[in-house]
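As a plain string of letters, each chain reads:
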Amino acid sequence: MHQTTAAPAIVATGLRKRFGDVVALDGLDLTVPEGSVLGLLGPNGAGKTTAVSILTTLLEPDEGSATIAGADLRTQPGEVRRRIGLSGQFAAVDEVLTGRENLVMIGRLYRLGRTRSKQRAAELLERFDLSDAGDRPVKTYSGGMRRRLDLAGALVAEPPVLFLDEPTTGLDPRSRIELWGVIRELVSRGATLLLTTQYLEEADQLADDIVVIDHGRAIASGTADQLKAQVGGERIELVVADAARLDDAHQVLAAHATGDIEVQVPARALQAPIDGGVDVLTDVLQELRHRQIEISDVGIRRPTLDDVFLTLTGHVAEEPDDDAQRTDRAEVTA
Amino acid sequence: MSQTAIEPTTAGGAGGRISWRDTLSDIGVIAHRNVIKITRVPEVLVFVLLSPIMFVLLFAYVFGNSIDIPGTTYREFLIAGIFAQTVLFGATFTGAGIAEDMQKGIIDRFKSLPMSRSAVLAGRTASDVIYNVLSVAIMALTGLAVGWRIRGSILEAVGGFALLLLFAYAISWVMAWVALLVPSVEVINNASFMVIFPLTFVANTFVPAEDLPGPLQTFAEWNPVSAVTQAARELFGNIPPGTPEPTAWSLQNPVLYTLIWVVITVAVFAPLSVSRYQRSSTR
């Protein structure tokens, strides 16, 4: 999926945009290799939607340039539109039309022709599990169905580059997980995807690379693992069955630890920073067994993107403001 | 998903210039979408069909007996005025429709598609002509039922209807521009009411312009609503012989004056609206 040798499908340099006194984008650079998924992660008002609006030609940047699938944003906006699909935060489908009519209309506006548009509409309704609802007006659809239809709209012409602006904001957890499945499938078929999200878990689940933005500029980038490593690496956590063997276990860990080992005597627990993940864990476990040190729990703890966000921005990712986001809060505070 | 469906050609030109044929096709797709909506939103259809009937009956029977126009019956005089007023109100649908699309975010979808930049507005103004064709047809039938007659040639009468529709089409572009400036359905409806009511009443629609006091008379004479009404009256043969010739040039040459208005209005407001559309965003 993620080929480092592929030419970048999206390159943006120094994008700036002001709305009056508000600086929405303050020199944003992005590079998305072909066939990969970039997660643009940031809180509300960070500039995510402005970035997507600029890259999809809805807004003109005040400064900066970008190339999408080889077409220049400023000089070839028509070409850019031909090569992208956009699915926005607010399902941009016509409520009075049926799902099928919406997709056929979009197909015709991509100039696929009448027959091909109808054929694509039928295929997409089937694929997004909307066949039964396809001939009902969209106003009868649930929130999740609308989002699926909106996403289907972005795929009508099979564009090589897709922009999904907060595709799951406001969805219930079940619909969100369903939509993740759909997005994963898209990516497995080779599409390049720029995804904005305020959900750390979503970026972690879907994105190859993540750019964290705050106040219109990138404050960190890398894979989810790299970002987590910036905050602090992996740690082995183990609990010995017999408190008397704590010292022995400490010796075993000391051989692998990359830093100080934390000991919590009452909990019979040890924590050691390591570098090397599961291999190190396996070695540690073998030695513990060899020395007949019985353990009651063991695991590798990696920092979550929540830790990353907190460290980078000094504030928690997002204050939830609706039901769908409440799940995230539970995960953040857990 | 195959990556070859969209040929990354440069046939569209560097700036993505779109051929006339494709532009017309886009306009057709957008107009078709709007027409589907006419049939699905019964409230709108009812308004389109019932309000003309109401206007004709109200004016014919409430005012028809108390307003006296020399040489003709008031109903005969009135019908062309009601035609003009109704198509003018019909044009506000354009504004309401565009404001609604802006609010719902579908404009963002359209703007991200490789379609003609003017098609969303041109498709809307085109489909709104269909609203007005329906309204005019209903009004004409109601008018015939209450005693209105076409007394000139059929060809002239067709010309009269065409002129009314052209006039409404021009006003549609004004409404499109207003809707892009103030994308709120409520504001559009209220604002157009406040502009259209005086425009249609300070005119020769319901009373002869000569009967109005000084400055109002001058305004009424040069008001394009008066001109299109006067033109329709002439083309329907509803001006009885012996009626004194109007003194203002605009009403002496109402067809020409109306056409000049239509051309200028479209020439100014269509490009203004399209450029405003390109810069607008729902975010």
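If you're wondering where the values come from, they're calculated on a predicted model, not measured in any experiment.

**So, the overall build of chain A**
Check the secondary structure of chain A and you find twelve helices and 14 strands. Along the first, second and third principal axes, the C-alpha set of chain A runs to 75 × 45 × 40 Å. Out of the 334 residues in chain A, the part that is buried amounts to 53%. Relative to all contacts within chain A whose residues are 6 or more apart in sequence, the contacts with residues 24 or more apart total 67%. Counting every atom, chain A has about 14,500 Å² of accessible surface; 47% of that belongs to carbon and sulfur. Considering chain A, the positive charge centre built from 36 side chains and the negative charge centre built from 53 side chains are found 8 Å apart.

**Notes on the overall build of chain B**
Along its length, chain B carries eleven helices and zero strands. Along chain B, from the amino end to the carboxyl end, the secondary structure elements read α-α-α-α-α-α-α-α-α-α-α. Rg of the C-alpha trace for chain B: 21 Å, near the compact-globule value of 19 Å for 283 residues, within the 12% margin. Seen through its principal axes, chain B has C-alpha atoms that stretch 75 × 40 × 35 Å.

**What to know about the interface of chain A and chain B**
Residue-level contacts link 44 residues of chain A with 39 residues of chain B. Where chain A abuts chain B, roughly 3,800 Å² becomes buried across the two surfaces, and 56% of that area is made up of carbon and sulfur atoms. Of all residues in chain A, A:L58, A:L109 and A:R111 bury the most surface against chain B, accounting for 19% of the area lost on that side. Among the ionic pairs, B:D26 bridges to A:R111, the shortest N-O distance being 2.3 Å. Counting across the interface, chain A meets chain B through ten residue pairs in polar contact (both at pLDDT 80 or more). Counting only elements with at least two residues in the side of chain A that touches chain B, the list comes to helix 1 (48–55), helix 2 (77–83), strand 6 (84–87), helix 3 (99–109) and helix 5 (143–155) of chain A. At six residues, helix 2 of chain A tops the list of elements feeding residues into the side of chain A that touches chain B.

**Re the packing of helix 6 (residues 154–181) of chain B against helix 11 (residues 254–279) of chain B**
All names here are of chain B. As a packed pair, helix 6 and helix 11 sit with axes 8 Å apart at the nearest point and diverge in direction by 30 degrees. In terms of their interaxial angle, helix 6 and helix 11 are classed as roughly parallel. Of the two possible hands of crossing, helix 6 and helix 11 adopt the one that is left-handed. On the side of helix 6, the interface is formed by L163, L166, F167, Y169, A170, W173, V174, A176, W177, L180 and L181, while helix 11 contributes V255, T258, L259, V262, T265, V266, F269, A270, L272, S273, R276 and Y277.

**Regarding the pattern of salt bridges**
Under the defined criterion, the tally for this structure stands at 30 salt bridges over all chains. For A:E79, the salt bridge goes to A:R83, with nearest N and O atoms at 2.8 Å. Taken as a pair, A:E79 and A:R83 lie in helix 2 at a separation of four residues, close to a single helical turn. Side by side, A:E79 and A:R83 carry an identical accessibility label, which is buried. A single network of salt bridges, built from pairs that share partners, joins A:D94, B:R33, B:K37, B:D101 and B:R124.

**Things to note about the sheet that holds strand 9 (residues 209–214) of chain A**
All names here are of chain A. Pairing is mixed across the open sheet formed by six strands, whose spatial order is 6-7-8-3-9-10. The open sheet has two edge strands with one neighbour each: strand 6 and strand 10 (217–222). The mean inter-strand angle of the sheet, taken between neighbouring strand axes irrespective of direction, is 15 degrees. Pairing geometry for strand 3 (residues 37–41) and strand 8 (residues 192–197), over five bridges, is parallel. Its bridge partner lying in strand 8, L41 is registered against T197. Packed onto the sheet, helix 5 meets strand 6 and strand 7 (161–165) and runs at close to 170 degrees relative to strand 6. Across the sheet, helix 6 (residues 173–188) is in contact with strand 3, strand 7 and strand 8; its angle to strand 8 comes to roughly 150 degrees.

**Quick word on the nonpolar core**
Looking at soluble globular proteins, one finds that nonpolar side chains tend to be buried together. Counting residues in hydrophobic clusters, the biggest one holds 116 residues, and the most contacted among them are B:F83, B:F110 and B:L164. Broken down by element, the residue count for this core peaks at 16 residues, all from helix 3 (residues 74–104) of chain B. In this structure, B:L164 is in contact with B:F83, B:A84, B:V87, B:V228, B:A232 and B:F236, ignoring residues within four places of it in sequence. Ranked by size, the runner-up nonpolar core spans 29 residues in total, among them A:A9, A:L38, A:V52 and A:I213.

**Observations concerning the domain arrangement of chain A**
If you check the domain split of chain A, you get domain 1 (8–229) and domain 2 (234–301). Between domain 1 of chain A and domain 2 of chain A, the C-alpha centre-to-centre distance is 44 Å.

**Focus: a nonpolar patch on the surface**
Residues and elements named next belong to chain B. Together, W222, W249, L256, I260, I264, V268 and L272 line one region of the surface with nonpolar side chains, adding up to about 610 Å² of accessible area. Counting residues per element, the nonpolar patch draws most heavily on helix 11, which supplies five residues. You can see W222 is positioned in helix 8 (residues 214–222).

**Side note on the side chain of B:S112**
Note that B:S112 resides in helix 4 (residues 106–112). Relative accessible area serves as the criterion here: at 1%, B:S112 is assigned to the buried category. Separated by 2.9 Å, the side chain of B:S112 and the backbone oxygen of B:R109 make a polar contact. Once you skip the residues sitting within four places of it in the chain, B:S112 turns out to touch A:T56, A:L58, A:R81, A:I84 and A:L86.

**Points about the confidence of the model for chain B**
Residues and elements named next belong to chain B. Mean pLDDT for chain B: 85, with 90% of residues reaching 70 or above. When pLDDT is averaged over each helix and strand of chain B, the minimum, 81, is found for helix 2 (residues 42–63) and the maximum, 95, for helix 11. Scored below 50 in pLDDT, residues 1–15 makes 28 contacts in the model with residues more than four places away or belonging to other chains.

**Quick word on the sheet that holds strand 1 (residues 8–19) of chain A**
Residues and elements named next belong to chain A. With antiparallel pairing, the four strands of this open sheet are ordered in space as 2-1-4-5. What marks the edges here is a single partner per strand, and that holds for strand 2 (22–33) and strand 5 (71–72). Bridging between strand 4 (residues 63–68) and strand 5 involves two bridges; their strand directions are antiparallel. Its bridge partner lying in strand 5, T67 is registered against D72.

Cut-offs applied
The residue numbering used here restarts from 1 in each chain and proceeds along that chain's sequence as written. Each chain takes a letter, starting from A, and each ligand takes a number, starting from 1, following the order in which they are written. pLDDT decides what is reported in this predicted model: residues at 70 or higher carry local features, side-chain atom pairs at 80 or more are listed and counted, and totals for whole chains, interfaces and linings draw on all residues regardless. For the side-chain quantities, the full set of heavy atoms in the structure was used; hydrogens and water were omitted. Secondary structure elements are taken from DSSP: a helix is a run of H or I of four residues or more, a strand is a run of E of two residues or more, and numbering for both begins at the N terminus. With a 1.4 Å probe rolled over the protein chains alone, any residue whose accessible area is under 20% of its type maximum counts as buried; one over 50% counts as exposed, and the rest are partly exposed. By the convention used here, residues are in contact when the closest approach between their heavy atoms is within 4.5 Å. Where accessible areas are quoted, they stem from the Shrake-Rupley method and a 1.4 Å probe; at the residue level, only the protein chains shown are allowed to cover. In this tally, Lys and Arg are treated as positive and Asp and Glu as negative; His is ignored, and so are the chain termini. Charge positions are represented by NZ for Lys, CZ for Arg, CG for Asp and CD for Glu. Radius of gyration means the value over C-alpha atoms here, while the globule rule gives 2.2 Å times the residue count to the 0.38 power. Here the buried area means the combined drop in accessible surface, using a 1.4 Å probe, for two parts upon being joined, counting both sides. A pairing counts as a salt bridge when a side-chain nitrogen of Lys or Arg comes within 4 Å of a carboxyl oxygen of Asp or Glu. For this analysis, a polar contact is any N or O atom pair within 3.5 Å, provided that within protein one partner can donate a hydrogen and the other can accept it, and provided that sequence-adjacent residues contribute only side-chain to side-chain pairs. Axis lines are fitted to C-alpha atoms, over the contacting stretch for helices. Their N-to-C directions set the angle, which ranges from 0 to 180 degrees. Here the word oblique covers every angle except those under 35 degrees (roughly parallel), over 145 (roughly antiparallel) and from 65 to 115 (roughly perpendicular). Less than a right angle of anticlockwise turn of the near helix away from the far helix marks a crossing as left-handed, whereas a clockwise turn marks it as right-handed. At least two DSSP bridges between two strands are needed for those strands to be called paired. What is meant by a nonpolar core is a set of buried Ala, Val, Leu, Ile, Met, Phe, Trp, Tyr and Cys residues, joined one to another through side-chain atoms within 4.5 Å. Throughout, the edges of the domains are those of an automatic or database domain assignment. Residues enter patches when they are more than 30% accessible in relative terms and free of salt bridges; like-charged ones are connected within 9 Å and nonpolar ones (Val, Leu, Ile, Met, Phe, Trp, Tyr) within 5 Å. Residue-level confidence of the predictor, termed pLDDT, takes values from 0 up to 100.

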